[in-house]
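In case you want the letters, here they are:
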Amino acid sequence: MIAIRAARPDDAAAIAAIYAPHVLAGVVSFETQAPDADAMRARMEGADGLYPWIVATLSDEAGREDAVIGYAYAARFRERAAYRWVVETTIYVADVSQRAGVGRLLYEALVDTLTAQGFTQAMGVIALPNDGSIKLHEAVGFRRAGVFREVGHKHGRWIDVGYWQRELAQPVPQPAEPRRFADVGVVRDPVAVKHR
């Protein structure tokens, strides 16, 4: 069974392990050195209780957690204060759990949580081409907002980056400050889905 919950500091090693292949062998991340568990834990702590980090876990029929199989998080979109209602979203799923619905479950929970927090826009940043990521983003309501041509260089080639945008709330003249993830938690009905 797949369950969604808030990430904990002791998930950092599993999260780092899921991310590492994308850094070392792929081009979906523009990092060139894979962060270890300590570095990933520091990133999680850097969210300072405001930005959500969530994980998908695989559990047995009795509900005992076995493994983290994917994660998603949001981060500040830009440094300037006027951007504080906008987040950049990220999601990674373990190779063994690809195409099992894990990504969609994570993204739906992340979007619901960000909406409850009071953020107004989510930006997905995708190294192109990446049909799988585009389909996932569009399945949860993101729409193409633009492309930056040949802005990343990795593994001997130049890579385009696409921006996908999802409105989380209608813009209003005086928006309330976003609520902290630490105060809201994961906003989603408990999820239990059979894993293939």
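Every value quoted in this text rests on a predicted model; they were computed, and no experiment measured them.

Q: Honestly, the pattern of salt bridges in this entry has me stumped. Any pointers?
A: Counted under the stated rule, the structure contains nine salt bridges. Its salt-bridge partner being Arg 104, residue Glu 108 comes within 2.8 Å of it at the nearest N-O pair. With Glu 108 and Arg 104 both in helix H3 (residues 102–117), this residue pair falls four residues apart, about one helical turn. Assessed through its relative accessible area of 39%, Arg 104 is described here as partly exposed. Measuring nitrogen to oxygen at the nearest pair gives 3.9 Å for the salt bridge that ties Arg 180 to Asp 183.

Q: Whenever I open this one, the environment of Gln 170 confuses me. Can you help?
A: Along the chain, Gln 170 falls in the loop between strand S7 (157–167) and helix H5 (181–184). A polar contact of 3.2 Å, which involves the side chain of Gln 170, links it to the side chain of Glu 167.

Q: Sorry if this is basic, but what is going on with the confidence of the model for the chain here?
A: Confidence in the prediction of the chain, expressed as mean pLDDT, is 93, and 94% of residues score 70 or more. Segment residues 190–196: pLDDT under 50, and 22 contacts once partners within four positions in sequence are set aside and those in other chains are kept.

Q: What is the right way to read the packing of H3 against helix H4 (residues 131–139) from this model?
A: The axes of two packed helices give the description: the angle between them and the distance between them. The interhelical angle for the contact between H3 and H4, taken along N-to-C directions, is 45°, at an axis separation of 10 Å. The orientation of H3 with respect to H4, classified from their angle, is oblique. The hand of the H3/H4 crossing is right-handed. Packed against H3, whose contacting residues are Gly 103, Arg 104 and Tyr 107, the element H4 presents Leu 136, His 137 and Ala 139 at the interface.

Q: What am I meant to see in the packing of aromatic side chains here?
A: Note on aromatic pairs: each is described by the distance of the centres and the angle between the planes. Counted under the stated rule, the structure contains nine aromatic pairs. Here Tyr 19 and Tyr 92 contribute two aromatic rings whose centre-to-centre distance is 5.0 Å and whose plane-to-plane angle is 65°, an arrangement assigned as edge-to-face. Of this pair, Tyr 19 sits in helix H1 (residues 12–24) while Tyr 92 sits in strand S4 (residues 86–93), placing them 73 residues apart in sequence. There is no split in this pair, since Tyr 19 and Tyr 92 are both buried. Ring geometry for Tyr 51 versus Phe 119: centroids 5.9 Å apart, planes at 20°, classification stacked. One end of the pair, Tyr 51, is in the loop between helix H2 (37–46) and strand S2 (53–59); the other, Phe 119, is in the loop between H3 and strand S5 (121–128), and 68 residues separate them in sequence. Linked through ring pairs, Tyr 19, Trp 53, Tyr 71, Tyr 73 and Tyr 92 together constitute an aromatic cluster. A cation over a ring is seen here: Arg 78 above Phe 77, with NZ or CZ 4.4 Å from the ring centre.

Q: What am I meant to see in the side chain of Ser 29 here?
A: Along the chain, Ser 29 turns up in the loop between H1 and H2. Exposure remark for Ser 29: the relative accessible area of 4% places this residue in the buried category.

Cut-offs and rules
- Residues numbered from 1 in each chain as written.
- Predicted model: local features only at pLDDT ≥ 70, side-chain atom pairs only at ≥ 80, totals over all residues.
- Heavy atoms only, no water.
- Salt bridge = Lys/Arg side-chain N within 4 Å of Asp/Glu carboxyl O.
- Helix = DSSP H or I, 4+ residues; strand = E, 2+ residues; numbered from the N terminus.
- Buried < 20%, exposed > 50% of the residue type's maximum accessible area, 1.4 Å probe, protein only.
- Polar contact = N/O pair within 3.5 Å; in protein donor to acceptor, adjacent residues only side chain to side chain.
- pLDDT = per-residue confidence, 0-100.
- Contact = heavy atoms within 4.5 Å.
- Axes fitted to C-alpha atoms, helices over the stretch in contact; angles between N-to-C directions.
- Parallel < 35°, antiparallel > 145°, perpendicular 65-115°, else oblique.
- Left-handed = near helix turned anticlockwise from the far one by under 90°.
- Phe/Tyr/Trp six-rings, centres within 6.5 Å; stacked < 30°, edge-to-face > 60°.
- Lys NZ or Arg CZ within 6 Å of the ring centre and 35° of its normal.

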